[in-house]
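The primary structure of each chain is shown beneath.
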Amino acid sequence: MSDLLIDNSKLIETDSTPTRRAFVAAAAAAGFCYAGALAYPIYRYLASPAEMAAEQVAVSEVTLKGAHAMPAGAVLMFKFGSSPAMLIHGADDSWVAFSAVCTHLGCTVQFEPQMNRIHCACHGGVYDPHTGKNISGPPPKPLTAYKVNVAVDGVVVSRV
Amino acid sequence: MAGSIYNWVDERVGLTEAIAFARHKRVPEHGQSFWYYWGGISLFLFLVQIFTGILLLVYYRPGAEAFESVRQITYVMHFGWLIRSAHSWSANLFIFSVIVHMFSVYFMKAYRRPREIGWLTGIGLLFLGALFGFSGYLLPMDELSYFATKVGLQIPASLPLLGPFTATILRGGPDVSEFTVQRFFALHVVILPLLFLPLLGLHLWMVQKHGNAMPPSELAKPESRRKSIPFFPNFFQKDLAMWLISLNVLALLASVFPWDLGKQADSLAPAPAGIHPEWYFMAPFHMLKILGNWFPGASGEVVGILLFTAGLVLWVFIPLYDAENKVGQRGRIAHYFGIFAVTALILTTALGYWGIR
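Residues numbered from 1 in each chain as written. Chains lettered and ligands numbered in written order. Predicted model: local features only at pLDDT ≥ 70, side-chain atom pairs only at ≥ 80, totals over all residues.

1. Observations regarding the interface of chain B and chain A
Size of an interface: often given as the accessible area lost when the parts come together. For the record, the criterion: Placing a C-beta atom from the backbone of each residue, one calls two residues in contact when those atoms lie within 7 Å. Helix and strand labels come from DSSP, where a helix needs a run of H or I of at least four residues and a strand needs a run of E of at least two; each type is numbered from the N terminus. Under this grouping Gly is polar, as are all residues other than the nonpolar Ala, Val, Leu, Ile, Met, Phe, Trp, Tyr, Cys and Pro and the charged Asp, Glu, Lys and Arg.
Facing the eight residues of chain B at the interface are six residues of chain A. Tallying contributions element by element places helix 5 (residues 80-107) of chain B first for the side of chain B that touches chain A, with three residues. Of the residues that constitute the side of chain B that touches chain A, the class distribution is six nonpolar, two polar and no charged.

If you want it as structure tokens, here you go:
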């Protein structure tokens, strides 16, 4: 009961006479809004590339027009979202696609058909060109493999 | 706690002296006090230029990719259009407020002894400001900036002897190209700031040392009838209010009238119709044109530049001619010269815009 009374008296006081505290609070709120309105565009501007990279990671499928005509034993480098990837048409007429980012320290790897391997020149990592499995050198994991779909006018590469 | 920190710093740095130095300045209060704000407004806009300029520097790439990077800033990066628009608008507002500041100083006779250095450094800052504007105008490398720079550099190129050499060095070749952008960029973000900042420091020190000048009408009053307020904190608070108003005006202009980006510059394409220099270069360009018409022939442009330079020299060195704080012939002549300069600037600017209409 007594609590209720105190609350009421507070209410009446702030309603009838705007106190110094209320004014300061309102001014501070307005100041924060103003500063926020200035800071928000600046933050978004500076963060643009990061946000755009995040959007590109969301890519789940890439169509490579004309890639179906690639000769056996050839490789095509392309961008899957924001990172490099490779499409390999094996000598045995198999089709595989991997992320071309080395799982060790992120260099871009290279397909070497004459050696029958995928090689990373940075630290000598070697992957199997059919499965993407890490064979020798420092890489801790296999290359990320993508699903390959050969169509009449191109090749569709998508996330597994 | 706060007191002991203050004492620690004060003992080593001398805060008390600095505060006393700031307090000793008083700002006169009279009918023309409004004009005292324009130096502060100019300073604020310059700070905005540093801030937005650094933000643009994050994505801008000079050289061959210049246009592409500005296109990216304007259309791809979030709020990039706003940052760029604010930088361009603030540049124009800066030149405007500096010109207002200069003429108010001129007509209040604030260049007289002992404030000659303040006047001369101010002229230097205006000159550097114009170079900032000229070099910054090229950086987007769109059609308009390309041709404005091409035309602008024709003026030094037309001078005898060192003229063509200077123009070639500035351009980095016989024509405006990616090399021009690269060196204008260096000029805009490194060389000019390095020159501007110490000059600004000297300018502000002169203001602090001598205080605001009183116009002759105020000086004529007996000392007991003059009014003034302390610079710190009273006038400083008013200055800050002006800065806030300036920021709001800038935000409104930059967001409601976003700065345009034209087509990419193409050295094979003809100049677009209605091409013209920035408004603050319109008056000198048009004066040169008029003077060139009065003295036809190949020497016309040279005579034009010489006459224009003579007028400029008179303007810059007015404190040497009209140095004393007294009513007299020299003060009157300086006053008429000022009115002539304002009239000539406004008239030639208007004529220039009339010509391209």
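2. Quick notes on the domain arrangement of chain B
Residue and element names in this part refer to chain B. Threshold: Residue ranges assigned to each domain were obtained from an automatic or database domain assignment.
Here chain B is described as being made up of domain 1 (35-220 + 230-269) and domain 2 (276-357). The gap between the C-alpha centroids of domain 1 and domain 2 is 21 Å. Contacts between the two partners involve 21 residues from domain 1 and, on the opposite side, 17 residues from domain 2. When contributions to the side of domain 1 that touches domain 2 are tallied by element, the ones reaching two or more residues are helix 5, helix 6 (116-138), helix 7 (143-152) and helix 11 (216-219). With six residues, helix 6 is the single largest residue contributor to the side of domain 1 that touches domain 2. Residues belonging to the side of domain 1 that touches domain 2 are distributed by class as follows: 14 nonpolar, three polar and four charged.

3. A few points about the sheet that holds strand 6 (residues 117-119) of chain A
All names here are of chain A. Put simply, the rule reads: We call two strands paired when DSSP finds no fewer than two bridges between them.
An order of 5-6-7-8 is seen for the four strands of this open sheet, with the pairing classed as antiparallel. At either margin of the open sheet sits one strand with a lone partner, and together these are strand 5 (110-112) and strand 8 (134-136). Where strand 5 meets strand 6, three bridges bridge the pair, whose relative direction is antiparallel. Of the residues in strand 6, the one forming a bridge with Glu112 is Arg117.

4. Structural notes on the nonpolar core
So the rule is basically this: The nonpolar core is taken to be a set of buried Ala, Val, Leu, Ile, Met, Phe, Trp, Tyr and Cys residues joined by way of C-beta atoms within 7 Å. Residue burial here comes from a neighbour count, namely the number of other C-beta atoms, placed from the backbone, that lie within 10 Å of the residue's own C-beta, with 20 or more meaning buried, 12 or fewer meaning exposed, and in between meaning partly exposed.
If you look at the biggest cluster of nonpolar residues, it comprises 60 residues, and the most contacted ones within it are Leu45(B), Ile83(B), Phe94(B), Leu139(B), Met141(B) and Val181(B). Listing elements by their share of this core, those giving two or more residues are helix 3 (37-57), helix 4 (66-75), helix 5, helix 6, helix 7, helix 10 (178-210), helix 12 (231-256) and helix 13 (279-294) of chain B. In terms of domain composition, this core takes at least three residues from each of domain 1 (35-220 + 230-269) and domain 2 (276-357) of chain B. Beyond its immediate stretch of four places on either side in the chain, Val181(B) contacts Pro62(B), Gly63(B), Ala66(B), Leu138(B), Leu139(B) and Met141(B). Counting residues in hydrophobic clusters, the runner-up holds 20 residues, among them Leu87(A), Cys102(A), Phe111(A) and Val157(A).

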